[in-house]
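Spelled out from the first residue to the last, the chains are:
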Amino acid sequence: MSDKLVLVLNCGSSSLKFAIIDAQSGDDKISGLAECFGLEDSRIKWKFNGNKHEASLGAFTAHREAVEFIVNNILAEHPELAAKIKAVGHRIVHGGEKFTRSVIVTPEVIQGIEDCASLAPLHNPAHLIGIRAAIASFPNLPQVTVFDTAFHQTMPEKAYIYALPYKLYREHSIRRYGMHGTSNLYVCREAAKVLGKDTKDINVICAHLGNGASVTAIRGGISVDTSMGLTPLEGLVMGTRCGDLDPSIIFHLVNQLNYTIDEVNNLLNKQSGLLGISELTNDCRGIEEGYHDNHKGATLALDIFCYRLAKYIASYTVPLGRLDAIIFTGGIGENSKLIRERVLNLLEIFNFKVDDDLNTAARFGQQGIITKEGSPIAMVIPTNEEWVIAEDAIKLVTAK
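Residues numbered from 1 in each chain as written. Predicted model: local features only at pLDDT ≥ 70, side-chain atom pairs only at ≥ 80, totals over all residues. Heavy atoms only, no water.

This paragraph deals with the overall build of the protein. Summing up its helical and strand segments, the protein has 16 helices and 14 strands in all. Taken against the 2.2 N^0.38 rule, which gives 21 Å for 400 residues, the C-alpha radius of gyration of the protein at 21 Å falls within 12% of a compact globule. In terms of its C-alpha atoms, the protein occupies a principal-axis envelope of roughly 55 × 55 × 45 Å. Counting only residues that meet the buried cut, the protein has 51% of its 400 residues in that class. Pairs at least 24 residues apart make up 62% of the contacts formed inside the protein by residues separated by at least 6 positions. About 18400 Å² of surface is accessible on the protein, with carbon and sulfur atoms providing 51% of the total. (Helix = DSSP H or I, 4+ residues; strand = E, 2+ residues; numbered from the N terminus. Rg over C-alpha atoms; globule rule 2.2 N^0.38 Å. Buried < 20%, exposed > 50% of the residue type's maximum accessible area, 1.4 Å probe, protein only. Contact = heavy atoms within 4.5 Å. Areas by Shrake-Rupley, 256 points an atom, 1.4 Å probe, with all protein chains shown as cover.)

Below is the structure:
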C-alpha cells in the first residue's frame, strides 16, 4: 500500500462525502457519506474492503461532529491507514478569478473562499465549515483546496463575458465561471488514453450529467467554453435547477405574480428542472421509469433534458474546429444508456451511430466507446474527482 494517502472531504450544506484515496493508484481505501445534518436522524455510512457500515450520529449533528466521528471511530479502527495520511484535500465549488489552481490552506485562502461565497451560496459556506472542522481534527496535517472553477480559467473573454455593461465585470467580477472542472480534468485525461493521444492534442466535449449538469468544450486539453455561468444555475436542465431561461420571467414572477425574490431563487434552484417539469421527481432514474410507464410529465422532462443537452453539444463544436469525441460522465452520464442514445440520435447531423451492446455495457462503473466502428466517437468515462484532489494535495505538500 502506498504511503501517499489523502483524506478527501466534499462538504455540502447538510452532508459530507469523504474518502481516503491512494494518490498514486486512485484506489479508495475508505469511502463514505455523512448526511441529514441538523436533523434527528443524521447518520454516517462508509465502506471498507467492500464491507458496508452505518452508524447514527445523533440529533442535530453538523460537519464538525461528523469529522470527529471519522477521526475517533473510523480512523481509530484503522491506525495503519491513519498513519499514512499525508494531507486533507477539500473540494471547493467556487474560487472566482482568485484561484486558478489548487492551493494549500492559509488564512488568506480561507478569506478568498469566503469572498466567493455569494457566487455559490449553497456550497462555499459548507466548504469553509468542513475546512475549519478538518483543521481542528487534523492540526498537524496540511489542508489543500481544489477548485471546480480553476479548470475553466483558460476560457477566452468571448466565452466568459456576459453582454452586460463591462463595468459589472470590471468592478464586481460578474462573468461566466463554470463548475465541474475537476471532473472535466479527470475525464479529459482518461479520454486521451482511450484515443491514444496526448491530452494536449485532443478536442472533446464533456457532458457531466448528474443532479447538477454541465457541458464543457475542451480544446487542446483546456477548457474553452462551458455551460454553467456565474453560478451553477445556468445552462442545462438539471434535477431541480431550470438552467437557461428568459431573464424577464423573473420580473414577471415578481411584478405580476407577486413572488418575492427569495421565492424566485428557491423556485429556480430547488423546484424546477426535471422535478418541476415532471411534477414527479428530480431523480433521473424515476424520470426514466415514468417515461417507460408513459407518464406524461416524465416523458416531457426527458424530452426537454435530452433536447437541451444535444443543442449545447452541437453548439460547442464551434470553438473546437475538430471533434475527437463526446464524453459522458457523472451519475446520469455514466449510467443512463437511454439518455446517451437519445442525445446522440438527436445529433444526427454528425452521423453518430450508437452500438447498443457497447452502450449497454458502459454502465455501473464501466467505461468505453459506445459508438460503432466508423462512427464519430462517443464514450463513457466514470469520473474520479477524488483522485484528482488527492493527486493535487500530494503534489503540493511534497513540493513544500
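A separate point is empty space enclosed by the protein. Within the structure shown, the criterion is met by 2 cavities of 30 Å³ or more. If you add up the space inside the largest cavity, you get close to 40 Å³. What lines the largest cavity is simply Asn10, Arg91, Glu385, Glu386 and Ile389. With 3 residues, helix α16 (residues 385–398) is the largest single contributor of residues to the lining of the largest cavity. A breakdown of the residues in the lining of the largest cavity according to their chemical character gives 1 nonpolar, 1 polar and 3 charged. Considered as a void within the structure, the second largest cavity measures approximately 30 Å³ in volume. Of the residues assigned to the lining of the second largest cavity, the class counts are 7 nonpolar, no polar and no charged. (1 Å grid on protein atoms, 1.4 Å probe; cavity = no way out; pocket = protein on both sides within 12 Å on 5 of 7 lines; lining within 4 Å. Points joined across faces, edges and corners; volume = space filled by probe spheres on them. Nonpolar A, V, L, I, M, F, W, Y, C, P; charged D, E, K, R; others polar.)

Taking 1.5 Å of rise per residue, the 14 residues of α16 would be expected to cover 20 Å, and the 20 Å separating its terminal C-alpha atoms lies within 8% of that figure. For α16, the set of buried residues is Glu385, Trp387, Val388, Ile389, Ala390, Glu391, Asp392, Ala393, Ile394 and Val397. For α16, the secondary structure elements touched by its buried residues are β1 (5–11), β2 (15–22), β6 (85–92), β8 (143–147) and α7 (181–195). (Expected span 1.5 Å × (residues − 1).)

To continue, consider the sheet that holds strand β4 (residues 43–48). Strand order in the open sheet made by the 8 strands is β5-β4-β3-β2-β1-β6-β8-β7, with mixed pairing throughout. For this open sheet the edge positions go to β5 (51–56) and β7 (103–104), each flanked by a neighbour on one side alone. Bridging between β1 and β2 involves 7 bridges; their strand directions are antiparallel. The partner of Asn10 across the bridge, within β2, is Lys17. Of the strands in this sheet, β1, β2, β3 (28–35), β4 and β5 are in contact with helix α1 (residues 63–74), which crosses β2 at around 35°. In the packing of α16 onto the sheet, the strands contacted are β1, β2, β6, β7 and β8, and the crossing angle to β6 comes to about 125°. (Pairing = 2+ DSSP bridges. Axes fitted to C-alpha atoms, helices over the stretch in contact; angles between N-to-C directions.)

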